[in-house]
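Single-letter residue listing:
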Amino acid sequence: MDATPPKPKSEIHVIRKRDLRDPSYRPAWEDPEKIATFTAEKRLAILSNPLSRSDDDPVQIVGTVDGRAAGRMDLFAGEVSTGGQAVPVLWTSLLHVPVEHRSSLLGVLLILKMQALCPTVAACAVSQQALPVYEKLKWIDFRMPRYVLMRRSRAVVERYVGRGPIGMAARVVADAALLGWRGMLRLRTAIRTRGLRVEHAERAPAELDAAIATSAGAAQPVTITRSADWINWLLTSAIGSFPRDRQGLFLVRDRAGALVGYFLLKAHVYPTATHRNFKNLFLGSLKDWQSFRPSALSFHDIVRLAVRELGRWNVDAVEVCVTDPADGHRLRRFGFLPAGDLHLLYRAAPKSPLADPALAGQAKWNIRPADGDNFFG
């Protein structure tokens, strides 16, 4: 009788920041498929993260089967402020388990290990495949409805009509209509934002740091930490090599030159974008923003200005994820169409200050699409 084959041996490994920094560090597993290998860009981003507190910070969890990498979860150190207290948080950056290992529940084990590493854990831009797993593990889900404004028709026409002669004719007609709509939006933007000046900044100035610090926690009791150092890190970091990517910080000033707000933009080519599966879409996104004087600069003013600046980048479409669902109704009047939800989730252990049930509602949190590592993607 044949002997029963041995059961595969699964292990979970934690990689610390000091390991990533050490050029002599060698992992205790084989990885011929590069399942757990960092890109050079992501390694530098993790090492330069201004919210990292220690070389002991965990930066990756790797699951192995019989000594070979079989799954990974990358981590970024972050911070949330509530009641004047800075609360460390671990953000997921990438949860990846190849199909052949998913039946082993390795993905669940990686998340459970993450939960054991920090009392407060969070994730932004969770995929539809992973979302049910987080929900079953009692993570709290905040939804930011996504809206997309098309500037060119190619991706839409190819999706629904095709690339043939009929598709080409449809593109000519649709692009002419979109051109007229863009002209009307520019006119409305000029009228509604009269008296405001937008300034592209290579780096976040000290005055922005002061304005953020002054306004922190003014509207909601839970604020995901923002600072000039954090913004500059976003602007100068990446998680991979994407030649067409663009990012930019824009300061908004009034007639007197006073800073009234800012916004961060990112443009990225997505092989497949939105739940409608548009192909090879050069998508410009409003990733982060804040108004320091809402009476002078509303959220919808910021959207108008962001659309204008992204138009100068020649993007195919503009994405805005609203943190207040009520804002979406007005975006439809701008020509934006609903395109699913961006999910931000968190889990707070009993000893976390964020475990207070009074802080569990989305309206209590000041969240943005740039949270976690979502600015980079």
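Just so we're clear, the structure is a prediction, and the values are computed from it rather than from any experiment.

Let us look at the overall build of the protein. Helix and strand counts for the protein stand at 10 helices and 14 strands. Relative to its 377 residues, the protein shows a buried fraction of 50%. The long-range fraction of contacts in the protein, counting pairs at least 24 apart against all pairs at least 6 apart in sequence, stands at 73%. Entry remark: accessible area of the protein is about 18,100 Å², with carbon and sulfur atoms responsible for 55%.

Between its terminal C-alpha atoms helix α9 (residues 299–312) stretches 20 Å, which fits the 20 Å expected from 14 residues at 1.5 Å a residue. Most of α9 sits inside the fold, with 12 of its 14 residues counted as buried. Looking at α9, one finds that the buried residues are Phe 299, His 300, Asp 301, Ile 302, Val 303, Arg 304, Leu 305, Ala 306, Val 307, Glu 309, Leu 310 and Gly 311. Positive backbone phi, approximately 65°, marks Asn 314, located one or two places after α9.

Structurally, the position occupied by Arg 308 is in helix α9. Sequence-wise, Arg 308 and Val 318 are 10 residues apart; in three dimensions their C-alpha atoms are separated by 10.0 Å.

This part is about a nonpolar patch on the surface. The grouping of Ile 12, Leu 109 and Leu 112 at the surface amounts to a nonpolar patch, some 210 Å² of accessible area in total. Take Leu 112: it is sitting in helix α3 (residues 106–117). For Leu 112, a relative accessible area of 37% translates into the label partly exposed.

The next subject is the pattern of salt bridges. Following the criterion strictly, the structure yields 21 salt bridges and no others. In the salt-bridge network here, residues are joined through shared partners; they are Glu 135, Asp 141, Arg 143 and Asp 341.

Among the five residues in strand β5 (residues 120–124), five count as buried, and that is most of the element. The alternating pattern of β5 places Thr 120, Ala 122 and Cys 124 on one face and Val 121 and Ala 123 on the opposite face, and all of these are buried. Note: strand β4 (residues 85–96) against β5, two bridges, orientation parallel. The partner of Leu 90 across the bridge, within β5, is Val 121. For the segment spanning β4, α3 and β5, crossover handedness is right-handed. Bridging between β5 and strand β13 (residues 337–348) involves five bridges; their strand directions are antiparallel. The partner of Cys 124 across the bridge, within β13, is Leu 344.

Backbone geometry at Asp 66 places phi at a positive 55°, although glycine is not the residue there. Position of Asp 66 among the secondary structure elements: in the loop between β2 (58–65) and β3 (68–82). Positive phi values are uncommon outside glycine, yet Ala 125 reaches one of about 65°. You can see Ala 125 is positioned in the loop between β5 and α4 (131–136). Its relative accessible area of 34% is what places Ala 125 among the partly exposed residues.

Moving on, we get to the confidence of the model for the protein. In the predicted model, the protein carries a mean pLDDT of 87, and 85% of its residues have values of at least 70. In the model, residues 169–174 has pLDDT below 50 throughout and makes six contacts with residues more than four positions away in sequence or in other chains.

Formed by 50 residues in total, the largest nonpolar core has its most connected members in Leu 208, Ile 231, Leu 249 and Trp 365. The dominant element in this core, judged by the number of residues it contributes, is helix α8 (residues 228–236), at six residues. Within the second largest apolar cluster, 29 residues are counted, among which are Val 260, Leu 265, Leu 286 and Val 322.

Looking now at α3. In an α-helix, one full turn covers 3.6 residues, which means residues spaced three or four apart are oriented alike. Between its first and last C-alpha, α3 extends 17 Å over 12 residues, near the 16 Å set by a 1.5 Å rise per residue. Buried residues of α3: Leu 106, Gly 107, Leu 110, Ile 111, Met 114 and Gln 115, and no others.

Let us now look at the environment of Ala 267. The residue Ala 267 is located in strand β10 (residues 259–273) in this model. A residue is classified by how much of its surface remains accessible, and Ala 267, at 0% relative accessible area, is buried. Separated by 14 residues in the primary sequence, Ala 267 and Leu 281 have C-alpha atoms spaced 10.0 Å apart. Leaving out residues up to four positions away in the same chain, Ala 267 has contacts with Arg 244, Asp 245, Arg 246, Phe 282, Leu 283, Gly 284, Trp 313 and Val 315.

To continue, consider the packing of α9 against helix α10 (residues 327–334). The N-to-C vectors of α9 and α10 enclose an angle of 35°; their axes lie 11 Å apart at closest approach. The element α9 and its partner α10 pack so that their crossing is right-handed. Seen from α9, the contacting residues are Phe 299, His 300, Val 303 and Arg 304; seen from α10, they are Asp 327, Arg 330, Leu 331 and Phe 334. Tallied by class, the residues present in the contact of α9 with α10 amount to four nonpolar, one polar and three charged.

Criteria and thresholds
Residues numbered from 1 in each chain as written. Predicted model: local features only at pLDDT ≥ 70, side-chain atom pairs only at ≥ 80, totals over all residues. Heavy atoms only, no water. Helix = DSSP H or I, 4+ residues; strand = E, 2+ residues; numbered from the N terminus. Buried < 20%, exposed > 50% of the residue type's maximum accessible area, 1.4 Å probe, protein only. Contact = heavy atoms within 4.5 Å. Areas by Shrake-Rupley, 256 points an atom, 1.4 Å probe, with all protein chains shown as cover. Expected span 1.5 Å × (residues − 1). Patch = residues over 30% accessible without salt bridge, like charges linked within 9 Å, V, L, I, M, F, W, Y side chains within 5 Å. Salt bridge = Lys/Arg side-chain N within 4 Å of Asp/Glu carboxyl O. Pairing = 2+ DSSP bridges. Right-handed = clockwise from strand over helix to strand, strands pointing away. pLDDT = per-residue confidence, 0-100. Core = buried A, V, L, I, M, F, W, Y, C linked by side-chain atoms within 4.5 Å. Axes fitted to C-alpha atoms, helices over the stretch in contact; angles between N-to-C directions. Left-handed = near helix turned anticlockwise from the far one by under 90°. Nonpolar A, V, L, I, M, F, W, Y, C, P; charged D, E, K, R; others polar.

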